[in-house]
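Here is what each chain is made of, one letter per residue.
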Amino acid sequence: MRIGILGTGTLAAGLGAGWVRAGHELVVAGRSQAKARELAERLGGGARAVTAREAVTGRDAVLLAVLWEGVEDMLGSAGAGEGLLAGTALIDPTNAVEHGVGVLVTGPGEAMAERIAKLSPGAHVVKAFHLFPAEMWTRSPGDGEPATVAICGDDPAALEVVGALVRDVGGVPAVLGSLDRARQLEEVAGFVIGLAFGGSDPNAAIPRVPSVVP
């Protein structure tokens, strides 16, 4: 696939490395062109540093790998409001939460993914990759127990694209539902963050319930 990455941090690097390893074509953009070039060189595999607008043009998927505070500026730089992301799977891994507390800072009932969809008319937003640390995606597929990556979105084709990209980094995609379930996924991230910063193990707070096969 042709993948654009908006952002140059640890998640961009972790997922980017996995996708390069899987043979995808990557371009990277960020607020700093120097950091974008540095990340592209690190990723190898023909990855290139480009402008934000170029990173979203003609792509099968775009990863919005920035802190939630920088989402609006980055999407603005990419021309999202002008419809440049229309028809594209836009992956939202952001966690709009109060640092160290886990309380969501979006409005009552609002999901960050839904806000991103409003800022990107025509884009097929998929919530994904927001629960696990970036280091999870630097390991080779098959190394350790695969992580289940809960995703949600409104477009079936975009969900298939993102599901394939989840598998390419060793995860197992699990579609929770449409984008109106995104707030629920974001609350789960806040729950995990709150427990972890409070000194408790989030893994011990969730019962191991067997899956129900229809």
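What you see as residue numbers is a count from 1 along each chain, following the sequence as written. Whole-chain, interface and lining totals are the exception, using all residues; otherwise, since this is a predicted model, local features are given only for residues with pLDDT of at least 70 and side-chain atom pairs are given and counted only at 80 or more. Note: side-chain values were computed over all heavy atoms of the structure, leaving out hydrogens and water.

Quick notes on the overall build of the protein
For the protein, the count of helices and strands is 7 helices and 8 strands. Every radius of gyration here is taken over C-alpha atoms, with the globule rule written as 2.2 Å times N^0.38, N being the number of residues. Rg of the C-alpha trace for the protein: 16 Å, near the compact-globule value of 17 Å for 214 residues, within the 12% margin. In terms of its C-alpha atoms, the protein occupies a principal-axis envelope of roughly 45 × 40 × 35 Å. Categorising residues by exposure relies on relative accessible area from a 1.4 Å probe, with only protein chains included: less than 20% of the type maximum marks a residue as buried, more than 50% marks it as exposed, and the intermediate range marks it as partly exposed. Across the 214 residues of the protein, 44% fall into the buried class. Put simply, the protein has 17 plus and 24 minus side-chain charges, and the middle of one group is 3 Å from the middle of the other. Think of it this way: any DSSP run of H or I at least four residues long counts as a helix, any run of E at least two long counts as a strand, and we number them from the N terminus. Working convention for charge: Lys and Arg count positive, Asp and Glu count negative, and His plus the chain ends are omitted. Charge coordinates come from a single atom per side chain, which is NZ of Lys, CZ of Arg, CG of Asp or CD of Glu.

Observations regarding the packing of helix H1 (residues 10–21) against helix H2 (residues 33–43)
Direction vectors running N to C along H1 and H2 enclose 35°, while the axes themselves pass 9 Å from each other. Remark: the crossing between H1 and H2 carries right-handed chirality. Facing H1, whose interface residues are Ala 12, Ala 13, Gly 16, Ala 17 and Val 20, H2 presents Leu 39, Arg 42 and Leu 43. Classification used: nonpolar for Ala, Val, Leu, Ile, Met, Phe, Trp, Tyr, Cys and Pro, charged for Asp, Glu, Lys and Arg, polar for all others including Gly. Split into classes, the residues belonging to the contact of H1 with H2 amount to 6 nonpolar, 1 polar and 1 charged. Note on method: axes are straight lines fitted to C-alpha atoms, helices fitted across the in-contact stretch only, with angles between N-to-C directions ranging 0 to 180 degrees. Crossings are sorted by hand: turned counterclockwise from the far helix by less than a right angle, the near helix makes the crossing left-handed, and turned clockwise it makes it right-handed. Pairs of residues are marked as contacts when any of their non-hydrogen atoms sit within 4.5 Å.

Concerning the pairing of strand S2 (residues 25–29)
Counting buried positions along S2 gives 4 out of 5 residues, so the element sits mostly inside the fold. As defined by bridge partners, strand S1 (residues 2–6) adjoins S2 across 5 bridges and the pair is classed as parallel. Directly across from Leu 6, in S2, lies its bridge partner Ala 29. A crossover counts as right-handed when, viewed with the strands pointing away from the observer, the path leading from the first strand over the helix to the second turns clockwise. For the crossover that starts at S1, traverses H1 and ends in the parallel S2, the hand is right-handed. Paired strands are those between which DSSP finds at least two bridges. Where S2 and strand S3 (residues 48–49) come together, 2 bridges link them in parallel fashion. Directly across from Val 27, in S3, lies its bridge partner Arg 48. Each parallel crossover has a hand, and the one from S2 via H2 to S3 is right-handed.

What to know about the packing of aromatic side chains
For Phe, Tyr and Trp, rings pair up if their centres lie within 6.5 Å, where Trp contributes its six-membered ring, and each pair is then called stacked (planes under 30 degrees apart), edge-to-face (over 60) or tilted (otherwise). Going through the model one piece at a time under the given rule, you end up with 3 aromatic pairs. Residues Trp 19 and Phe 129 carry aromatic rings whose centres are separated by 6.1 Å and whose planes lie at 70° to one another, so their mutual orientation is edge-to-face. With Trp 19 in helix H1 and Phe 129 in the loop between strand S6 (124–127) and strand S7 (148–153), this pair connects stretches of sequence that are 110 residues apart. Judged by relative accessible area, Phe 129 falls into the buried class, the value being 3%. Between Phe 132 and Trp 137, the ring centres sit 5.9 Å apart and the planes meet at 80°, which makes this aromatic pair edge-to-face.

A look at empty space enclosed by the protein
Unfilled space is identified by rolling a water-sized probe across the atoms. Buriedness for pockets is judged along seven lines, at least five of which must meet protein on both sides within 12 Å for an open set on the 1 Å grid over protein atoms alone, while cavities are sets there where a 1.4 Å probe fits but cannot get out, and lining residues have an atom within 4 Å of a point. Grid points are joined across faces, edges and corners, and a volume is the space filled by probe spheres set on the points. For the coordinates displayed, the defined rule picks out 1 cavity of 30 Å³ or more. For the largest cavity, the calculated volume is near 40 Å³. In terms of lining residues, the largest cavity is bounded by Phe 129, His 130, Leu 131, Phe 132, Thr 148, Val 149 and Ala 150.

Things to note about H1
Along its 12 residues, H1 runs 17 Å from first to last C-alpha, staying within 8% of the 16 Å computed at 1.5 Å per residue. Most of H1 is tucked away, with 9 of its 12 residues classed as buried. Regarding H1, the residues found buried are Leu 11, Ala 12, Ala 13, Gly 14, Leu 15, Gly 16, Gly 18, Trp 19 and Val 20. Next to the buried residues of H1 lie S1, S2, H2, strand S4 (61–64), strand S5 (89–92) and helix H6 (156–168). For a helix, the expected span equals 1.5 Å multiplied by the number of residues minus one.

Some remarks on the environment of Gly 171
Positionally, Gly 171 belongs in the loop between H6 and strand S8 (172–177). Along the backbone, Gly 171 and Arg 2 are 169 residues apart, and their C-alpha atoms lie at a distance of 20 Å. Beyond its immediate sequence surroundings of up to four residues, Gly 171 is in contact with Trp 137, Ala 147 and Val 166.

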